[in-house]
Amino acid sequence: MRKSFIKVIAFMAIVAVLLSGCNVGESKSSGEISSGDASSMILISEKDDFFTQDIIRDLEQYLEPGVTISEGLKNSGIVTFTEDGSIRSISQVSLSPAFIWGLELNDKRLESDKLDTVLKENDEIGISIEPTDPQNTVKNMQYSVLKLNGGTLQPSLSHTYILPYTETERVRDMLLNNDVVKLSSDKRMVQSVNGYVCKSAEKWVIKVNGKELGENGFDMMLSPQDEVEIKLDRA
């Protein structure tokens, strides 16, 4: 994953973080990956660690010559849209209001009103994350990742959020500054996630970059691109 967040180009970019179970903090050793499916006429490129080959292959089934971009994306079931036609989420990954998804076709920006463009052979589609505020710059964007993991107990809770990173941010700060997690009155425990309160036989497990937090873990300072995971587990 690029540290600078400049042109996070990936087909159906940012993310199959949840479906792949991959750690957003890890990076592929290769620079650019395509699915290798010779039957596909549409080039799908990825330069960041958000996609699995399974997700790419799934998208290839719907993005093909003669189909409009919007039809392919909607029919895939992997991409969801807002009422105004902009992308809401990709493979269960959503952006904070500070960011927006930006589509590209053959390295050229594609506005949301151009999604009815019909795909041609050898077209290349990509996605980038851009600042919502046009006065901001991609270069200065930094982010952290909040991963909700319902596991086998509550799989519907699983979702990933890309959030703006702020300097000196702690785990507690991230959990307080979003609409999906509610902490206890002493701000030392997770009380609920998206309104779900764990049962007596369940518990919330908090991890940062794959490592479970200790007793004072909420005071841990975060760095850009850190992933905080809240997993529902058996007590």
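As a reminder, the structure under discussion sits directly above these lines.
Quick caveat: nothing in here was measured; it's all calculated off a predicted structure. (Residues numbered from 1 in each chain as written. Predicted model: local features only at pLDDT ≥ 70, side-chain atom pairs only at ≥ 80, totals over all residues. Heavy atoms only, no water.)

1. Some thoughts on the overall build of the protein
Line of reasoning, step 1. Regarding its fold elements, the protein presents four helices and 14 strands.
Line of reasoning, step 2. Buried positions account for 49% of the 235 residues belonging to the protein.
Line of reasoning, step 3. A separation of at least 24 residues holds for 63% of the contacts in the protein among residues at least 6 apart in sequence.
Line of reasoning, step 4. Carbon together with sulfur atoms contributes 46% to the accessible area of the protein, which is approximately 12000 Å² in total. (Helix = DSSP H or I, 4+ residues; strand = E, 2+ residues; numbered from the N terminus. Buried < 20%, exposed > 50% of the residue type's maximum accessible area, 1.4 Å probe, protein only. Contact = heavy atoms within 4.5 Å. Areas by Shrake-Rupley, 256 points an atom, 1.4 Å probe, with all protein chains shown as cover.)

2. Some points on the nonpolar core
Line of reasoning, step 1. In terms of nonpolar packing, the biggest core is built from 26 residues, with Ile69 and Ile87 touching the most fellow members.
Line of reasoning, step 2. Looking at this core, the elements with two or more residues in it are helix 2 (53-60), helix 3 (69-76), strand 2 (79-81), strand 3 (87-90), strand 4 (93-95), strand 5 (99-105), strand 7 (124-131) and strand 8 (143-149).
Line of reasoning, step 3. It is strand 5 that provides the largest number of residues to this core, a total of four residues.
Line of reasoning, step 4. Residues contacting Ile69, with those up to four places away along its chain left out, are Leu63, Leu105, Leu110, Leu115, Thr117, Leu119 and Ile125.
Line of reasoning, step 5. The next biggest cluster of nonpolar side chains, apart from the first, holds 25 residues, and it includes Leu157, Val171, Leu213 and Leu222. (Core = buried A, V, L, I, M, F, W, Y, C linked by side-chain atoms within 4.5 Å.)

3. Section: helix 2
Line of reasoning, step 1. Taken together, the buried positions of helix 2 are Ile55, Ile56, Leu59 and Glu60. Along the long axis of helix 2, the arc covered by the buried residues comes to 140°, so they all point the same way. (Arc of directions from axis to C-beta.)

4. What about the pairing of strand 7?
Line of reasoning, step 1. Of all eight residues making up strand 7, seven are buried, and the element is well covered by its neighbours.
Line of reasoning, step 2. Sheet topology places strand 5 next to strand 7; seven bridges connect them, and they run antiparallel. Each residue of the ladder has a partner; that of Leu105, found in strand 7, is Ile125. (Pairing = 2+ DSSP bridges.)

5. With respect to the environment of Leu222
Line of reasoning, step 1. Tracing the sequence through the fold places Leu222 in the loop between strand 13 (211-212) and strand 14 (227-234).
Line of reasoning, step 2. A relative accessible area of 1% places Leu222 in the buried class.
Line of reasoning, step 3. Counting along the chain gives 51 residues from Leu222 to Val171, while the straight-line C-alpha distance between them is 6.5 Å.
Line of reasoning, step 4. Setting aside anything within four residues of it in sequence, one finds Leu222 in contact with Tyr165, Glu169, Arg170, Val171, Met174, Val208 and Val228.

6. Focus on the environment of Ile90
Line of reasoning, step 1. In this structure, Ile90 sits in strand 3.
Line of reasoning, step 2. For Ile90 and Ile78, which are 12 residues apart along the polypeptide, the C-alpha to C-alpha distance reads 5.8 Å.

7. Here we look at the sheet that holds strand 13
Line of reasoning, step 1. Taken in spatial order, the eight strands make up an open sheet running 2-3-4-9-8-14-12-13, and their pairing is mixed. The open sheet has two free edges, formed respectively by strand 2 and strand 13, since each of these has just one partner strand.

8. Overview of the packing of aromatic side chains
Each aromatic ring pair is characterised by the separation of its centres together with the angle its planes make.
Line of reasoning, step 1. Considering all chains together, one arrives at one aromatic pair under this definition.
Line of reasoning, step 2. Aromatic side chains Tyr196 and Trp204 sit 6.2 Å apart centroid to centroid with 90° between the ring planes, which places their arrangement in the edge-to-face category.
Line of reasoning, step 3. Residue class for Tyr196 comes out buried when judged on its relative accessible area of 15%.
Line of reasoning, step 4. For Trp204, a relative accessible area of 13% puts it in the buried group. (Phe/Tyr/Trp six-rings, centres within 6.5 Å; stacked < 30°, edge-to-face > 60°.)

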